[in-house]
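Examining the three-dimensional arrangement
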Amino acid sequence: MKDAVALVARILLALIFITAGWGKLGAGYAGTQQYMAAMGVSGALLPLVIFAELGGGLGVLFGALTRLAAAGLAVFSILAAMFFHTDFTNQIQSIMFMKNLAITGGLLTLAVHGAGAWSLDAWWQAHRK
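Predicted, not measured: the structure shown is a model, and the values here were computed from it. In this numbering scheme, every chain counts its residues from 1 along its sequence in written order. A pLDDT threshold of at least 70 governs which residues receive local features in this predicted model, and a stricter bar of 80 or more applies before side-chain atom pairs are shown or counted, although totals over entire chains, interfaces and linings include all residues. The side-chain figures draw on all heavy atoms in the structure; neither hydrogens nor water molecules are used.

Re the pattern of salt bridges
One side-chain nitrogen of Lys or Arg within 4 Å of one carboxyl oxygen of Asp or Glu is enough to make a salt bridge. Under the criterion given, the structure shown has one salt bridge. Ionic pairing is found between Lys24 and Glu53, a salt bridge with its closest N-O pair at 3.1 Å. With Lys24 in helix H1 (residues 2–24) and Glu53 in helix H3 (residues 46–62), this pair connects stretches of sequence that are 29 residues apart. Each residue is placed in one exposure class: buried if its accessible area under a 1.4 Å probe, protein chains only, is under 20% of its type's maximum, exposed if it is over 50%, and partly exposed if it falls in between. For Glu53, a relative accessible area of 5% puts it in the buried group. Where helices and strands are cited, they refer to DSSP runs of H or I of at least four residues and of E of at least two residues respectively, numbered from the N terminus.

Quick notes on the packing of H3 against helix H4 (residues 66–84)
Where H3 meets H4, the closest approach of the two axes is 9 Å, and the angle between their N-to-C directions is 140°. Relative to H4, the element H3 is oriented oblique. Where H3 crosses over H4, the handedness of that crossing is left-handed. Two secondary-structure elements touch here, H3 through Val49, Ala52, Glu53, Gly56, Gly57, Gly59 and Val60 and H4 through Thr66, Ala69, Ala70, Leu73 and Phe76. Charged means Asp, Glu, Lys or Arg here, nonpolar means Ala, Val, Leu, Ile, Met, Phe, Trp, Tyr, Cys or Pro, and polar covers whatever is left, Gly included. Looking at side-chain class alone, the contact of H3 with H4 contains seven nonpolar, four polar and one charged residues. Under this scheme, a helix contributes an axis fitted over its contacting stretch, all axes are lines through C-alpha atoms, and angles between N-to-C directions fall in the 0 to 180 degree range. In this scheme, roughly parallel covers angles under 35 degrees and roughly antiparallel covers those over 145, while 65 to 115 is roughly perpendicular and the rest are oblique. Crossing handedness: left-handed means the near helix sits turned counterclockwise from the far one by under a right angle, and right-handed means the same turn made clockwise. Any two residues having at least one pair of non-hydrogen atoms within 4.5 Å are treated as being in contact.

This is the structure in structure tokens:
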């Protein structure tokens with residue numbers, strides 16, 4: 001049961017990053033750049049944001065370089081909270097800030113404990129010669 005729960009946890013954590021990164025490609029790209037600029041963050045960083053969300057999200061999903069991917073996404077989540085969700089007079093922004101903190105907690109747990117047995121990390125470790 002432990003391995004199944006670890007897999008479900010990875011899927012749930014990864015889903016938000018993969019869908020967010022994917023949504024920024026194509027039609028959402030220009031709007032995201034404008035939003036970033038309006039919040040004082042250079043829109044030129046958007047390719048790095050997309051890479052972090054998609055790359056880190058896929059790493060967590062498949063359990064590949066999981067500790068590194070989870071730690072990177074934890075830092076990303078804290079930075080996103082600090083740059084984009086600090087208007088605490090706005091209840092939605094307060095909730096978004098707390099959501100980012102909760103996601104960071106899950107990612108830090110994953111970074112400490114690893115992906116579990118049902119992961120590429122475990123497969124690579126078992127087949128290392």
